[in-house]
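# Fold and geometry: a report
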Amino acid sequence: MAAPAAGPVPVLRIVAECGRSRARAGELRLPHGSVPCPVFMPVGTRGTAKGLTAAQLAALGCRICLGNTFHLGTRPGSELVRRSGGLHGFMDWPHNLLTDSGGFQMVSLLELSEVSEEGVRFQPPHGGEQILLSPEKSMEIQNALGADIVMQLDDVVSSTTTGPRVEEAMNRSVRWLDRCLAAHARPQQQLLFAIIQGGLDPELRLRCIRAMTQRDVPGFAIGGLSGGEAKAQFWRTVKLSTEHLPRDKPRYLMGVGYATDLVVCVALGCDMFDCVFPTRTARFGSALVPWGSLQLKNQQFAKDFRPIDADCGCPTCQRYSRAYLHALLRSNTAALHLLTLHNIAYQMKLMGSIRDSIVQQRFPEFVREFMDTMYGGRGGPPAWAREALESVGITLA
């Protein structure tokens, strides 16, 4: 009798799990190479993180970054990108890519969008004819861009929205997932992730998880958070989601990038993160460090000849002083480039340290050291972080 055909290789291979919390270390097995996780993914809206080249991102150890379906689909257009060899060829990126579906623009471009069962109609921010982004159109653009992970189009509402609109958006997101699955032209080459919605309502979140986990998808995102909700609601929604999502599939927490949030949400069981924060804050002159951040525009750094962080191995810290960066910030965009380089390096190093501590079975100790360094001189960690960690068995001194 013939052996049964082997199914697809699972995306997530779990290497180690924390004996106390829900943290786990593993690797994402993707078409352009494996990616160690937990992982932070820099956001490259139009084909690279603002202020960095693809080669610089790769040199920092980045093995997966994001592209934006809405922006790439409108300018320069998905057909041009497809003719360039997809987004990988267009940006000369040999590693993995994830494209969002365009759904988040319902929130970020709220004044310019109108949602219906058909899809989302956008008035392009740069003028021109209205665009209909339907689940089918989102998949068509993402198939042309060719990212390794693609996201369903979801009906996104702000996390602070209440009332019947939240339930409507959750139910529509389930229906749109089915339409995305039906329209997806390259399921073997591009992995389609579902996005859990339901606002801050535990019952709606659970209903969404129950429905979406019945679909055959290789991974799940937790969407609709980091929009201004209270941190107590944020972490409880994350924890509820990770508790009910499948253990053997990746859990991607969308839009999260603050260092404390990353550490806490890894403890709660998340594997993947993305956020514009490290690149955006660099453009305002802010450098991320283990004890918080340095606003290098401030006069106190004018004669400070130390690197941003003496323990950082990034090209910026190896070559330039705080005084030099302070002087550049007054007149030269090169400083923004150098700070972006440092901030992405900071995120990469943080995630590497988190992963190593899980593999070495010392994650709770790592969390305590991190919190002590970050908040030791500032009255201790915030109450929400303390409560979230205690809920998974990690107590802070």
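Provided above is the structure to which this section pertains.
First things first, this report covers the structure right here in the doc. Just so we're clear, the structure is a prediction, and the values are computed from it rather than from any experiment. (Residues numbered from 1 in each chain as written. Predicted model: local features only at pLDDT ≥ 70, side-chain atom pairs only at ≥ 80, totals over all residues. Heavy atoms only, no water.)

## Quick look at the overall build of the protein
What counts is decided by this rule: A run of H or I in DSSP counts as a helix once it spans at least four residues, and a run of E counts as a strand once it spans at least two, with each numbered from the N terminus. The globule rule used here is 2.2 Å times the number of residues to the 0.38 power, and the radius of gyration it is set against is calculated over C-alpha atoms. Accessible area is worked out with a 1.4 Å probe on protein chains only. A residue is then buried under 20% of its type maximum, exposed over 50%, and partly exposed in between.
What the protein contains, in helices and strands, is 15 helices and 16 strands. The C-alpha radius of gyration of the protein comes to 21 Å, within 12% of the 21 Å expected for a compact globule of 397 residues. Judged by the C-alpha coordinates and their principal axes, the protein covers about 65 × 55 × 50 Å. Across the 397 residues of the protein, 54% fall into the buried class.

## Focus: the pairing of strand 3 (residues 33-37)
Definition in use: Paired strands, in this sense, are two strands between which DSSP finds at least two bridges.
Examined bridge by bridge, strand 2 (residues 24-30) and strand 3 share five bridges and lie antiparallel to one another. Each bridged residue has a counterpart across the sheet, and for Arg29 the counterpart in strand 3 is Ser34. Counted between consecutive antiparallel strands, the loop separating strand 2 from strand 3 contains two residues.

## Quick look at the sheet that holds strand 5 (residues 64-68)
Heads up, the rule is: Under this scheme, a helix contributes an axis fitted over its contacting stretch, all axes are lines through C-alpha atoms, and angles between N-to-C directions fall in the 0 to 180 degree range.
The strand order 4-14-13-12-11-10-6-5 describes an open sheet built from eight strands, whose pairing is parallel. Edge strands, defined here as strands with exactly one partner in the open sheet, are strand 4 (39-42) and strand 5. On average, each strand axis in the sheet is tilted by 25° relative to the strand beside it, whichever way the strands run. Of the strand pairs in this sheet, strand 10 (residues 149-151) and strand 11 (residues 191-196) are connected by three bridges, and their pairing is parallel. For Val150, the partnering residue across the bridge sits in strand 11 and is Leu192.

## Description of the nonpolar core
As a reminder, the rule being used: By nonpolar core we mean a set of buried residues, namely Ala, Val, Leu, Ile, Met, Phe, Trp, Tyr and Cys, connected to one another through side-chain atoms within 4.5 Å. Note on contacts: a residue pair is in contact if any heavy atoms of the two residues lie within 4.5 Å.
Among the nonpolar cores identified, the biggest contains 106 residues, and Leu253, Phe273 and Phe363 are the most heavily contacted of them. Top contributing element to this core by residue count: helix 13 (residues 334-359), with 12 residues. Every residue in contact with Phe363, bar those within four places of it in the chain, is listed here: Cys18, Ser21, Ala23, Val263, Val266, Ala267, Ile354, Ser357, Ile358 and Ile394. Within the second largest apolar cluster, 21 residues are counted, among which are Leu12, Val35, Val43 and Met151.

## Regarding the packing of helix 5 (residues 135-145) against helix 6 (residues 164-183)
Formally: Just so you know how the angles are binned, under 35 degrees is roughly parallel, over 145 roughly antiparallel, 65 to 115 roughly perpendicular, and the rest oblique. Left-handed describes a crossing whose near helix is turned anticlockwise from the far helix by less than a right angle; the clockwise case is right-handed. When residues are grouped by polarity, Ala, Val, Leu, Ile, Met, Phe, Trp, Tyr, Cys and Pro land in nonpolar, Asp, Glu, Lys and Arg in charged, and all others, Gly among them, in polar.
Between helix 5 and helix 6, whose axes approach to 8 Å, the crossing angle comes to 45°. The orientation of helix 5 relative to helix 6 falls into the category oblique. Relative to helix 6, helix 5 is oriented so that their crossing is right-handed. Contacts between helix 5 and helix 6 involve Pro135, Glu136, Met139 and Asn143 from the former and Trp176, Arg179, Cys180 and Ala183 from the latter. The residue makeup of the contact of helix 5 with helix 6, split by class, is five nonpolar, one polar and two charged.

## Digging into the pattern of salt bridges
Rules: Any Lys or Arg side-chain nitrogen found within 4 Å of a carboxyl oxygen on Asp or Glu counts as a salt bridge.
Summed over all chains, the structure comprises 22 salt bridges. For the salt bridge of Glu136 with Arg179, the shortest nitrogen-to-oxygen distance reads 2.9 Å. Here Arg179 lies in helix 6 and Glu136 lies in helix 5, a separation of 43 residues in the sequence. Taking relative accessible area as the criterion, Glu136 reaches 33% and is therefore assigned partly exposed. Linking Arg210 and Glu203 is a salt bridge whose minimum nitrogen-to-oxygen distance equals 3.2 Å. On the basis of relative accessibility, which here comes to 44%, the residue Arg210 falls in the partly exposed class. Connected through shared salt-bridge partners, Glu117, Asp155, Arg165, Glu168, Arg172 and Arg175 make up one network.

## A look at helix 5
With respect to burial, helix 5 is a largely interior element, eight of its 11 residues being buried. For helix 5, the set of buried residues is Pro135, Ser138, Met139, Ile141, Gln142, Asn143, Ala144 and Leu145. Count one or two residues on from helix 5 and you reach Gly146, which has phi positive near 80°.

## Here's the deal with the sheet that holds strand 2
Spatial ordering of the open sheet is given by 1-2-3, a layout of three strands whose pairing is antiparallel. Each having just a single partner strand, strand 1 (12-17) and strand 3 make up the two edges of the open sheet. The sheet shows a mean angle of 20° between the axes of neighbouring strands, taken without regard to direction. Of the strands in this sheet, strand 1, strand 2 and strand 3 touch helix 13, which is tilted by about 115° from strand 2.

## As for helix 13
Here is the rule: Working rule for helices: expected span equals 1.5 Å times residues minus one.
With 26 residues, helix 13 ought to run about 38 Å at 1.5 Å a step, and its terminal C-alpha atoms sit 38 Å apart, in line with that. Of the residues flanking the end of helix 13, it is Gln361, one or two places downstream, whose phi is positive at about 60°.

## Focus: the state of the cysteines
Stated formally: Only a pair of cysteine sulfur atoms within 2.5 Å counts as a disulfide in this structure description.
Applying the stated criterion to the full structure yields zero disulfides. Between Cys37, a cysteine without a disulfide, and Cys270, which holds the nearest cysteine sulfur, the sulfur-to-sulfur distance is 11 Å. Just so you know, Cys314 is unpaired, no disulfide at all, and the nearest cysteine sulfur is the one on Cys312, 3.6 Å from it.

Honestly, that's just the spatial picture; any functional story needs more than this.
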